[in-house]
Amino acid sequence: MADTITITDDRTGKTVTVPIEGGVFPSSALRELDPSLFMYDPAYMSTAACKSEITYLDGANGVLRYRGYPIEQLAEKSTYLEVAYLLIHGDLPTAEQLAAWTHEITTHTFIHENMRKRFVDGFHYDAHPMGMFVSSVAALGTFYDGAKDIDDADSRQRQIVRLIAKSPTLAAMAYRFSVGLPFNYPDNALTYPANFLSMMWKIGPDYEVDPRLERAMDVLFILHADHEQNCGTTAMRVVGSSQTDPYTSAAAAASALYGPLHGGANEAVVRMLAEIGSKDNVPAFIDSVKNGEGRLMGFGHRVYKNYDPRATIIKKAAYDVFDVVGKNPLLDIALALEEVALEDPYFVDRQLYPNVDFYSGLIYQALGFPVDMFTVLFAIPRTSGWLAHWQELLSDPEQKISRPRQWYAGPDERDYVAIDAR
Ligand code: CMC
C-alpha cells in the first residue's frame, strides 16, 4: 500500500500526490493545487499545526507519554521537577543534572516585593485567583530585562527556570490574598510540592507537610505537566509565534486554560456534584444531560475516546489522600455517576469517558483547596509543558507567525448608508 495521498481538483482536473508520514500529509499539497484554496477546519479538528517531540497521545487506546515515557511510570517513579526537566530538555536528567536543576528552580522561587505589595494588593478583595494568576504571570515579565531576549539561549533558560520556580509562589500569593491571610515566603529547604503546600497553608511556625499529601500533590503536578496541542498550549504557541516574551505567552496560555471546557472543568465538576447533592438524584441528572440540559462535566475529551489514563491514576491518588484526610462526601456521587454513565448508551455511543478533571477536583477539595483555586493548581505544572512547546516552536525552522485563513461568509461590497437613511 502506497504511503501517499492523491488529491484531485475537479474544477481543473489538476492532481497532486504527496507522502503520508505518521498519519499526516503536508498542506502544501493544497497550495500546489491552487494557492487560493483553503481547508475549512473549525477548531483544528484535522489540523496538525506543528511537528512535536514532546508528548505522545493515543486517544483511542488511552495512551499518554512524555518524551516516550508512559505517564503511569512517571506518576509512580518520578517527581514533578524531574518531569519538568524531561519536558524541557528532552531526556531524564542524570543525578548531577537533577541536583543542579533542582537547585536552580529552588533558588528562584522568590518574587519581587513590588509584585506582592503594589501589584497583587491592587486586586479587588474577592478577585478570582485564576484571574490574579493570569495577570501576575504577565506582569512578572516586566521585572526582567532579559524577558524579551528570546533569541538568546541562556536568557531563554533563565526565563524558563523563573517561570517554573515562581508559578507556585504566584499561585499561593493569589490564594492568601483572596482569603486575607499574610503571604508566606517560599521555604527553599522544602521540595517543590512541599514548598507550595507550605506557602498555601502555613500559619505559625509549626506547620509540617504530611509526606503522603506532598506526594499526592507531586503526582497531580506530574499528570498535568503536558498534554500536547490542547487549547492552552496552542495559545502559547500562537502568541509565542509573534515572538512575544514567554511570560506574556504563558499568560495567554493560562487564559485559555481558565475556561470551563478546559482547565476550569474540575471546578465545574465539584460544583455539579454539589448541585446533584445525593446519589439518589443521579438518574434524574443523567436524564437531564441526555435531554441536552447541560453536560456531564469531567466526561468526554476531544482526543481520548477511551478512559483518560490520567483519570485512572488520579482515582487511585484520590483514595491515598482520603486515607489521610477522610473521604470527600462528593465521592459517592461521582462514583455513582461514573457507574451509570459508563453503562448508558448515550455516553457509550459518543465514547464519553471520565477525563482528568472528573476526580482531580475531589482530591483538591480534600486537600483543602477552595474550588476557585483548582484551575490555578492545573496551571502551576502546565507551565513546564507550555515552556517546552514554546522552546520547541522557537527552534523549529518550519514555524512562522501563526496566521490561519478564513472562509469569508459576510456581505458583498455595499455602499455606506448615512445614519438618517438606515
Ligand atoms: N456530557 C454530555 N454530552 C457530551 C459531553 C459531556 N461531557 N461531552 C460531549 N458530549 C456530547 C455532545 O453533546 C455531542 O453530542 P451530539 O453528537 O449528540 O451533538 C457529542 O458528545 C460530541 O461532543 P463535542 O462537543 O462535539 O465534542 P468535543 O470534542 O468538541 O468536546 C469536550 C470535548 C471536552 C469540550 C466535551 O466533551 C465537554 O464539554 N466535556 C465536559 C467538559 C470537560 O470535562 N472538559 C475537560 C476536558 S479534559 C481537561 C483538559 O484537557 O482541559
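Residues numbered from 1 in each chain as written. Predicted model: local features only at pLDDT ≥ 70, side-chain atom pairs only at ≥ 80, totals over all residues. Heavy atoms only, no water.

Visitor: Give me the lowdown on the side chain of aspartate 41, citing residues and values where you can.
Guide: One can find aspartate 41 in the loop between helix H1 (28–33) and strand S3 (55–58). Although aspartate 41 is buried, it makes no salt bridge; arginine 302 carries the closest opposite charge, 7.7 Å away. Here the side chain of aspartate 41 touches serine 46 through a polar contact of 3.1 Å, landing on its backbone nitrogen. Among residues more than four places away in sequence, those in contact with aspartate 41 are Ser46 and Thr47. (Helix = DSSP H or I, 4+ residues; strand = E, 2+ residues; numbered from the N terminus. Buried < 20%, exposed > 50% of the residue type's maximum accessible area, 1.4 Å probe, protein only. Lys, Arg positive; Asp, Glu negative; His and termini not counted. Salt bridge = Lys/Arg side-chain N within 4 Å of Asp/Glu carboxyl O. Polar contact = N/O pair within 3.5 Å; in protein donor to acceptor, adjacent residues only side chain to side chain. Contact = heavy atoms within 4.5 Å.)

Visitor: Before we move on, could you go through the layout of surface pockets and cite the residues and values that matter?
Guide: In this approach the atoms are scanned with a rolling probe the size of a water molecule, which exposes any empty space left behind. A volume near 310 Å³ is recorded for the second largest pocket. Ala75, Val219, Lys316, Ala317 and Asp320 are, among the 14 residues lining the second largest pocket, the residues nearest its centre. Mapped onto the lining of the second largest pocket, the elements with two or more residues apiece are helix H2 (71–77), helix H9 (211–223) and helix H14 (309–325). Among the elements that make up the lining of the second largest pocket, the one with the highest residue count is H14 (six residues). Looking at side-chain class alone, the lining of the second largest pocket contains seven nonpolar, one polar and six charged residues. (1 Å grid on protein atoms, 1.4 Å probe; cavity = no way out; pocket = protein on both sides within 12 Å on 5 of 7 lines; lining within 4 Å. Points joined across faces, edges and corners; volume = space filled by probe spheres on them. Nonpolar A, V, L, I, M, F, W, Y, C, P; charged D, E, K, R; others polar.)

Visitor: An account of the packing of aromatic side chains is requested, with residue identities and associated values reported.
Guide: Here the distance between the centres and the angle between the planes together describe a pair of aromatic rings. The full count for this structure, using the stated rule, is 20 aromatic pairs. When the ring of phenylalanine 119 is compared with that of phenylalanine 123, the centres are 5.7 Å apart and the planes differ by 90°; the resulting orientation is edge-to-face. Each ring, one from tyrosine 319 and one from phenylalanine 322, has its centre 6.2 Å from the other, and the planes form 75°; the classification is edge-to-face. Highlighted residues: tyrosine 319 and phenylalanine 322, both in helix H14, separated by three residues, approximately one helical turn. The class of tyrosine 319 is partly exposed, set by a relative accessible area of 37%. Ring pairing ties together the aromatic residues Tyr80, Tyr175, Tyr192, Phe196, Trp201, Phe221, Tyr364, Phe369 and Phe374, which thus form one cluster. Here the guanidinium or amino end of arginine 162 rests over the ring plane of tyrosine 144, the centre of that ring lying 3.9 Å away. Just above the ring of tyrosine 346 sits the side chain of arginine 350; from NZ or CZ to the centre is 3.8 Å. (Phe/Tyr/Trp six-rings, centres within 6.5 Å; stacked < 30°, edge-to-face > 60°. Lys NZ or Arg CZ within 6 Å of the ring centre and 35° of its normal.)

Visitor: How would you summarise the nonpolar core if you had to cite specific residues and measurements?
Guide: Counting 118 residues, the largest nonpolar core has Ile164, Phe196, Met272, Leu296, Leu337 and Phe369 as the members making the most contacts within it. Looking at which element gives the most residues to this core, the answer is helix H7 (residues 153–178), with 12 residues. Beyond its immediate chain neighbours, meaning those up to four positions away, phenylalanine 369 contacts Phe196, Leu197, Met200, Trp201, Met217, Tyr364, Phe374 and Leu377. Ranked by size, the runner-up nonpolar core spans six residues in total, among them Ile7, Val16, Val18 and Ala29. (Core = buried A, V, L, I, M, F, W, Y, C linked by side-chain atoms within 4.5 Å.)

Visitor: Account for the site of the ligand, with residues named and values stated.
Guide: In the neighbourhood of the ligand, 19 residues make up the surrounding shell, with His262, Arg295, Leu296, Gly298 and Arg302 lying closest. Contacts to the ligand include glycine 298, whose backbone N or O atom sits 2.8 Å from an oxygen atom. Between the ligand and asparagine 355, the relevant distance is 2.9 Å, taken from an oxygen atom to a side-chain nitrogen or oxygen of the residue. For the ligand, whose free accessible area comes to 940 Å², the fraction covered by protein is 73%. Looking at the shell around the ligand, its residues break down into nine nonpolar, six polar and four charged. (Near = heavy atom within 4 Å. Areas by Shrake-Rupley, 256 points an atom, 1.4 Å probe, with all protein chains shown as cover.)

Visitor: Any details on helix H15 (residues 331–343)? Residues and values, ideally.
Guide: Compared with an ideal rise of 1.5 Å per residue, which puts 13 residues at 18 Å, H15 spans 19 Å between its outermost C-alpha atoms and is within 8% of the ideal. When H15 is considered as a whole, its buried residues turn out to be Leu331, Ile333, Ala334, Ala336, Leu337, Glu338 and Ala341. Looking at the buried positions of H15, the neighbouring elements they touch are helix H12 (265–276), helix H13 (282–290), H14, helix H16 (345–349) and helix H17 (356–366). (Expected span 1.5 Å × (residues − 1).)

Visitor: Please provide a residue-by-residue account of the pairing of strand S4 (residues 63–66), values included.
Guide: On S4, burial follows the alternation: Leu64 and Tyr66 on one face are buried, whereas Val63 and Arg65 on the facing-out side are not. As defined by bridge partners, S3 adjoins S4 across four bridges and the pair is classed as antiparallel. Paired with tyrosine 56 across the strands is arginine 65, a residue of S4. When S4 meets strand S5 (residues 69–70), the two strands line up antiparallel, connected through two bridges. Bridge pairing in S5 places tyrosine 66 opposite tyrosine 69. (Pairing = 2+ DSSP bridges.)

Visitor: Give me the pairing of strand S2 (residues 14–19): which residues, what numbers.
Guide: The two faces of the sheet receive side chains in turn, since in a regular strand these alternate between them. Here strand S1 (residues 4–9) runs beside S2; their pairing, made up of six bridges, is antiparallel. Bridge pairing in S2 links threonine 8 to threonine 15. Here S1 folds back onto S2 in antiparallel fashion, the turn holding four residues, of which glycine 13 has a positive phi close to 80°.

Visitor: Tell me what's going on with the domain arrangement of the protein, and back it up with residues and numbers.
Guide: Each domain of the protein was delimited in the assignment, giving domain 1 (4–39) and domain 2 (53–399). Taking only C-alpha atoms, the centre of domain 1 and the centre of domain 2 are 39 Å apart. (Domains from an automatic or database assignment.)

Visitor: Give a description of the sheet that holds S3 that names residues and reports values.
Guide: Strand order in the open sheet formed by three strands is S3-S4-S5, with antiparallel pairing between adjacent strands. The sheet is open, and its two borders are formed by S3 and S5, each paired with just one other strand.

Visitor: Help me get a handle on the environment of glutamine 159, residues and values and all.
Guide: Residue placement: glutamine 159 occurs in helix H7. Given a relative accessible area of 1%, glutamine 159 falls into the buried group. Along the primary structure glutamine 159 and glycine 141 are separated by 18 residues, whereas in three dimensions their C-alpha atoms are 8.6 Å apart. Here glutamine 159 is in contact with Tyr144, Gly146, Ala147, Pro246 and Tyr247, once residues within four sequence places are set aside.

Visitor: For a negative patch on the surface, give the residues involved together with the corresponding values.
Guide: On the surface, a cluster of negative charge is contributed by Asp145, Asp149, Asp151, Asp152 and Asp154. Relative to the elements of secondary structure, aspartate 152 occurs in the loop between helix H6 (129–140) and H7. What makes aspartate 152 partly exposed here is its relative accessible area of 37%. (Patch = residues over 30% accessible without salt bridge, like charges linked within 9 Å, V, L, I, M, F, W, Y side chains within 5 Å. Charge placed at Lys NZ, Arg CZ, Asp CG, Glu CD.)

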